[in-house]
Amino acid sequence: MTTDLPVITDVRLTPILIADPPLLNLSGVHQPYTPRLIVELVTDGGIVGLGETYGDSAYLTRAHELARELVGLPVSAINTIGGLGRAESTLIDATPAASGLRGALTTDKIRLSVVSAFEVAAFDALGKHLGVPVHTLLGGKVRDRVEYSGYLFYKWAEHPDGDVPADPWGAALDPDGIVALARKFLVHGGFRSFKLKGGVFAPDEEIAAIKALAQAFPGAPLRLDPNGGWSLPTALRVAEELTGIVEYLEDPTATVEDMAEVHRRSGIPLATNMIVTSLAEVKPTFDLNAVQIVLSDHHFWGGLQATRDLAATCRAYGKGLSMHSNTHLGISLAAMTHVAATVPNLAYACDTHYPWQSEDIITDRFTFTAGALDVPDLPGLGVNLNHDTLARLHERWTTMPAMRERDDTAALRRAEARIHASRSEHNWTTAP
Ligand code: GKR
Ligand code: MG
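Residues numbered from 1 in each chain as written. Chains lettered and ligands numbered in written order. Predicted model: local features only at pLDDT ≥ 70, side-chain atom pairs only at ≥ 80, totals over all residues. Heavy atoms only, no water.

A.B. asks: Looking at this model, I keep getting lost on the coordination of the magnesium ion (ligand 2). Mind explaining?
C.D. replies: Geometry sets the ideal angles at a metal, namely 109.5 degrees for four tetrahedral donors and 90 or 180 degrees for six octahedral donors. Around the magnesium ion (ligand 2), the protein contributes the donor atoms D225 (OD), E250 (OE) and N273 (OD1), at 1.9 to 2.2 Å from the metal centre. Between the donor residues of the magnesium ion (ligand 2), the gaps in sequence give the motif D-x24-E-x22-N. You can see E250 sitting in strand β10 (residues 248-250) and its partner N273 sitting in the loop between β11 (270-272) and α9 (279-287), a full 23 residues away along the chain. When its relative accessible area of 0% is taken as the criterion, E250 is described as buried. Here N273 falls in the buried class, since its relative accessible area comes to 1%. (Donors = N, O, S within 2.8 Å, 3.2 Å for Na, K, Ca; no water. Helix = DSSP H or I, 4+ residues; strand = E, 2+ residues; numbered from the N terminus. Buried < 20%, exposed > 50% of the residue type's maximum accessible area, 1.4 Å probe, protein only.)

A.B. asks: Mind showing me how you'd approach the environment of S113 here?
C.D. replies: Residue placement: S113 occurs in helix α3 (residues 107-130). Through-space distance from the C-alpha of S113 to that of Y54 is 7.1 Å; in sequence the pair is 59 residues apart. The contact partners of S113, leaving out residues within four places of it in the chain, are T53, Y54, Y59, R102, H299 and F300. (Contact = heavy atoms within 4.5 Å.)

A.B. asks: Honestly, the site of ligand 1 in this entry has me stumped. Any pointers?
C.D. replies: Residues in close proximity to ligand 1 total 17 residues, the closest being N25, G100, Y151, N227 and H353. Between ligand 1 and Y151 there is a distance of 2.4 Å, counted from an oxygen atom to a side-chain nitrogen or oxygen. N227 places a polar side-chain atom, nitrogen or oxygen, 2.7 Å from an oxygen atom of ligand 1. Taking 340 Å² as the accessible area of ligand 1 by itself, protein coverage stands at 100%. Counting residues per element, the ones that place at least two in the shell around ligand 1 are β7 (150-153) and β8 (194-197). When the residues that make up the shell around ligand 1 are grouped by side-chain class, the tally is 3 nonpolar, 9 polar and 5 charged. Taken domain by domain, the shell around ligand 1 gets at least three of its residues from each of domain 1 (8-134 + 386-414) and domain 2 (140-374). (Near = heavy atom within 4 Å. Polar contact = N/O pair within 3.5 Å; in protein donor to acceptor, adjacent residues only side chain to side chain. Areas by Shrake-Rupley, 256 points an atom, 1.4 Å probe, with all protein chains shown as cover. Nonpolar A, V, L, I, M, F, W, Y, C, P; charged D, E, K, R; others polar. Domains from an automatic or database assignment.)

Structural data, given as structure tokens:
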């Protein structure tokens, strides 16, 4: 029997810079623009599959290396694509900041994040060819809507550095500001649960913000995530204050041992996207019962199939599963929604940064209603590329080399220098 499945003839890799508000976290502040990489797998039949991933130069270099190996493969070679470039992993940087606050950075994490975009693009092309949605190729959806949480950040009203358009969300720098922001998220997408990115202010202020949210939105599931920024005693104190108020604490401390101790002594459920980020980390972490919920992410687990494997592993160990996010656009959101629709044991609303992104390279932006997205049923991912916007954001990438690496710490230093200079000039007394 012969197959006429599309064969990959070309791979277009387009780095772009997307506008990002001044969101604060443990490392610093988001830059005015953040890099992403858009992947187009071109096939002999003219079908183009879409993928999206991290766009910093290490990812871009690896993508160019691995793209060569895709040419000539049928788009159905999903397992081969997932294994491209597999080799012994080496540590690049152990500081979480180096990886966008998702654990240590390794060579394999970079490879997996790259192949995840290739795998998603292959699924998209295969689905378009067969006339079925990606979730069908993954075995079929088990839900028609995927729930997302409103992802709140402390933030400034605007970036202090440069000619960057202001975002519509305003400042959020205290409990009242966080509640006001949550109300805006409610209007924006009807979100029913909220996550607050912590590790920015003193723990007592962040506890107060969560308590203010609990009061303003009675019964809404809440989470607080300081990206491993607290000591063990601090984490225990926060756990004592917030037990029964949050559905889980996310990465309160940086090490597996401290996480295990926080759970053992407080009983509070703990989630992670920092200490379980690869298969090798699963067993030691689960053996110590250091986490109860794993936040999957198809980018750093290596694609949609690997995410389903992780879901099965969590099921086997009796662990909960939800989904992590980092700054992303609509192609990734589509991929997240398709895979989330197929995972039976997804008991928590997924994270997404999407509401923070004012621009997108797909033609029709996703709209959240009642805190959820309808699972797309069109062939492939169900999204189309807006070539004009892609070209414009790529042009920005070519003209702004200083923004090509995400570095929240450097962005904070630049911002502070700018604020300092403006204050001496204008005698300002408030933060931007
Ligand atoms: O976007 O600032 C951010 C987040 O802190 C992100 O980098 C993390 O990877 O959202 C993530 C998390 O849950 O830790
Ligand atoms: Mg997290």
